[in-house]
Amino acid sequence: MATMEIEIIEMADTKAKFLLKNTSPAMANALRRTLLSDIPKMAIDKVEFLTGKIEGDDGKEYESITPLFEEIIAHRLGMLPVPTDLDLFVPQDECSCGGEGCPSCTIMYSIRKTGPATVYSSDLQPLGGPNSDKLRIVDEFIPIVELTPEQGIYVYATAIMGTARKHVKWQVCNGVGYSYMPVIEIDPKHASDEEVLACADICPEGLEVKGGKLVVKSALQCGLCKGCIEKISDIDGINVTWDDSNFIFKYETDGSMTAQKALDVALDVLAKEAKTFADEIEAL
């Protein structure tokens, strides 16, 4: 049996596209589900609101209250993409502190701002530690709440590690999807027929005309719509099928980790789960 391979087509900071080769639909779906649900990530899980009077930078007193319910603000904070370094943090239930909270399993943030102003994700300040600058929210312009004059906000927020199996705020990847690798076959006997050549206008990214004949430009751009076949239904000049052992994957991340790191972690998680399953089967 051939070894599964990955061929990178595009790898940016927060999005990726690659070919998953020499595998099965079951394995492709397993990787999809792992990318969606099983990558560990830091996310804000607890928010403490300090009420009463707070002093602004101008020396005036402001009421620590906002136009939104605290639950709404807490939810928005929970959905922020907290930078995640799996070499620095562990889940609380695996930490030597016993889940009480320490620098190895917890990130503390604070917000202290007065109105009139918009509170953004950049106002979330990581507290303490030599790596605090690396823990700032990557996307600085996510709006949290609008403060009116005389209003302020003063909160402490705690981020811990989890996975999207428990809550979507711990989801690193989104828009994860895959399709079969298209297989386009052009009959050389009909490659120069007028109707067949017209297929290049239907799918200009996937097909082109060279030397007076229709040829495949890029099978990756084929969406398997089969519009070309419908165009020449009376001629067996072109056939479009798919390869169920090769898949085109696409996904994005929320910025909490890079697309490359997310893929590396997902493959590692999938390999460990497969080994655990194999060991359990062998034990039976």
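Parameters at a glance
Residues numbered from 1 in each chain as written. Predicted model: local features only at pLDDT ≥ 70, side-chain atom pairs only at ≥ 80, totals over all residues. Heavy atoms only, no water. Pairing = 2+ DSSP bridges. Helix = DSSP H or I, 4+ residues; strand = E, 2+ residues; numbered from the N terminus. Buried < 20%, exposed > 50% of the residue type's maximum accessible area, 1.4 Å probe, protein only. Expected span 1.5 Å × (residues − 1). Arc of directions from axis to C-beta. Contact = heavy atoms within 4.5 Å. Axes fitted to C-alpha atoms, helices over the stretch in contact; angles between N-to-C directions. Core = buried A, V, L, I, M, F, W, Y, C linked by side-chain atoms within 4.5 Å. Salt bridge = Lys/Arg side-chain N within 4 Å of Asp/Glu carboxyl O.

1. Description of the pairing of strand β14 (residues 238-253)
Where strand β2 (residues 15-21) and β14 come together, six bridges link them in antiparallel fashion. Bridging across to β14, K17 finds its partner in K250. In the sheet, strand β11 (residues 173-186) pairs with β14 via 12 bridges, with the strands oriented antiparallel. Directly across from S179, in β14, lies its bridge partner I248.

2. A closer look at unusual backbone geometry
Cis geometry marks the peptide bond from G115 to P116; its omega dihedral reads 0°. Although it is not a glycine, N22 adopts a positive phi angle of roughly 60°. With respect to the secondary-structure elements, N22 resides in the loop between β2 and α1 (25-37). Taking the relative accessible area as the measure of exposure, N22 reaches 28% and is therefore partly exposed. One non-glycine residue with positive phi stands out, namely L224, at about 60°. Tracing the backbone through its elements, the reader meets L224 in the loop between β13 (213-216) and α5 (227-231). Since its relative accessible area comes to 25%, L224 is described here as partly exposed.

3. Observations concerning α1
Here α1 is 13 residues long and its end C-alpha atoms lie 18 Å apart, about the 18 Å a rise of 1.5 Å per residue gives. Looking only at α1, the buried set comprises A28, L31, T34 and L35. Looking straight down α1, one finds that the buried residues subtend no more than 125° of arc, so they occupy a single side. Elements that come into contact with the buried residues of α1 comprise β2, β11, β14 and α6 (259-283).

4. Section: the environment of D268
The residue D268 is located in helix α6 in this model. Owing to a relative accessible area of 39%, D268 belongs among the partly exposed residues under this scheme. Remark: the alpha-carbon pair of D268 and T34, spanning 234 residues in sequence, is separated by 10.0 Å.

5. A closer look at the sheet that holds β11
The strand order across the open sheet built from four strands is β1-β2-β14-β11, with neighbouring strands paired in antiparallel fashion. Pairing within the sheet leaves two strands with one partner each, and these edge strands are β1 (5-11) and β11. Each strand of the sheet is rotated relative to its neighbour by a mean of 30°, with strand direction disregarded. Sheet contacts for α1: β2, β11 and β14; angle to β11, the most-contacted strand, approximately 155°.

6. What to know about the nonpolar core
In this structure, I44, L77, I107, Y109, L124 and I153 are the most contacted members of the largest nonpolar core, which totals 22 residues. For this core, the elements supplying multiple residues, two or more each, are β3 (41-49), α2 (70-78), β6 (107-114), β9 (143-147) and β10 (151-162). With five residues, the top contributor of residues to this core is β10. Here L77 is in contact with I44, V47, I111, L124 and I144, once residues within four sequence places are set aside. Counting 21 residues, the second largest nonpolar core, distinct from the first, contains A16, I39, A266 and L270.

7. Some thoughts on the pattern of salt bridges
Between side chains of opposite charge, a pair can form as their charged atoms come close. All chains considered together, the criterion is met by 10 salt bridges. Across the salt bridge formed by K53 and E63, the nearest N and O atoms sit 3.1 Å from each other. Of the two residues, K53 sits in strand β4 (residues 53-55) while E63 sits in strand β5 (residues 61-64), which places them 10 residues apart along the sequence. Overall, the relative accessible area of 56% leaves K53 in the exposed class. A relative accessible area of 32% means that E63 is categorised as partly exposed. Between K210 and E208 there is a salt bridge, with its nearest N and O atoms 3.8 Å apart. Of the residues examined, E208 reaches a relative accessible area of 24% and is grouped as partly exposed.

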